[in-house]
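Chain by chain, the residues run as shown.
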Amino acid sequence: MIISLVSCSKEKNEGTNIGKKSSVAVDSNNINVSILIDLSDRIDPSTNPNPTMEYFQRDTEYIKAIEKGFLNHIKSKRIITYDDQMQVFFNPEPADPKMNELTKELKVSFNKDTPRTYFASVDKKYSELPLKIYNSAIKDGQYVGSDIWEFFKNKVKDYCIKDDHRNILFILTDGYMYHQNTKFEEKTKTHTELPI
């Protein structure tokens, strides 16, 4: 099991220092947390049993821990400075529209107008919905896999990067990046695995 953490910030040219790069200050108090989950057959308890704790259960515990850290971070801030969000993704998206609806519910945002009762709502969602997603994938048995390579190539910038925020991406996977729909072209050859 691999948990990856990627934190991104931007650099740009300053008008007065042509040709020089300087870091743009990112308000580290505003965070944008994304969680990419791998719904491949690695989570199938019959194919890949784990006597200590099933992989899907382990994933849901990781997600709860991330959510707790996210909420603790927000609680440590002054309400007027709230501008934080958290979301869950999988790639490719499963055909079951119910699973896509569950991930939409897991996209949560906090701003200065967020009521204090919203914390309990977020905690409840993150305690229940990830397990529903995993159970639905296991019950369906049609594991779509996880195309991590394509996610980074085509989606991570639009989905997981928010200006003026510390952008954090967690990846819950076994590290196997092959997906049947990912192809790489090298001159006249086409590969279905990652180039080395």
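Residues numbered from 1 in each chain as written. Predicted model: local features only at pLDDT ≥ 70, side-chain atom pairs only at ≥ 80, totals over all residues. Heavy atoms only, no water.

A. View of the overall build of the protein chain. Along the protein chain, the regular secondary structure elements total four helices and nine strands. Scanning the protein chain from its N terminus toward the C terminus, one meets helices and strands in the order β-β-β-β-α-β-α-β-α-α-β-β-β. Looking at the 196 residues of the protein chain, the share that counts as buried comes to 37%. For the protein chain, restricting intrachain contacts to residue pairs at least 6 apart in sequence, the fraction spanning at least 24 positions comes to 72%. Accessible surface for the protein chain amounts to roughly 11800 Å². Of this, 50% is attributable to carbon and sulfur atoms. (Helix = DSSP H or I, 4+ residues; strand = E, 2+ residues; numbered from the N terminus. Buried < 20%, exposed > 50% of the residue type's maximum accessible area, 1.4 Å probe, protein only. Contact = heavy atoms within 4.5 Å. Areas by Shrake-Rupley, 256 points an atom, 1.4 Å probe, with all protein chains shown as cover.)

B. Focus on the pattern of salt bridges. Summed over the entire model, instances satisfying the criterion amount to nine salt bridges. For D38, the salt bridge identified is with R42, shortest N-O distance 3.5 Å. Given the relative accessible area of 4%, R42 is considered buried. The partner of R42 in a salt bridge is D59, and the shortest N-O contact between them spans 2.3 Å. On the criterion of sequence distance, the pair formed by R42 in the loop between β4 (31–37) and α1 (55–75) and D59 in helix α1 is long-range, its members being 17 residues apart. Take D59: its relative accessible area is 0%, and that puts it in the buried class. Because the salt bridges share partners, they merge into one network encompassing D38, R42 and D59. (Salt bridge = Lys/Arg side-chain N within 4 Å of Asp/Glu carboxyl O.)

C. Representation of the confidence of the model for the protein chain. Looking at the protein chain, the pLDDT average stands at 82 and 75% of residues meet or exceed 70. Segment residues 1–5 is flagged for pLDDT under 50; beyond a separation of four residues in sequence, or across chains, it makes 21 contacts in the model. Counting interchain partners and residues more than four positions distant, the pLDDT-below-50 stretch residues 9–27 has 21 contacts. (pLDDT = per-residue confidence, 0-100.)

D. View of the environment of D96. Inspection of the secondary structure assignment puts D96 in the loop between β5 (83–89) and α2 (97–105). Exposure remark for D96: the relative accessible area of 30% places this residue in the partly exposed category. A distance of 2.9 Å separates the side chain of D96 from the backbone nitrogen of K98, its partner in a polar contact. (Polar contact = N/O pair within 3.5 Å; in protein donor to acceptor, adjacent residues only side chain to side chain.)

E. Geometry of the pairing of β5. A large share of β5 lies buried, amounting to six of its seven residues. Pairing analysis gives five bridges linking β4 to β5, with the strands arranged parallel. The residue bridging S34 from the neighbouring strand is Q87, located in β5. Handedness of the crossover joining β4 and β5 through α1 is recorded here as right-handed. The pairing of β5 with strand β6 (residues 108–111) spans four bridges and is classified as antiparallel. (Pairing = 2+ DSSP bridges. Right-handed = clockwise from strand over helix to strand, strands pointing away.)

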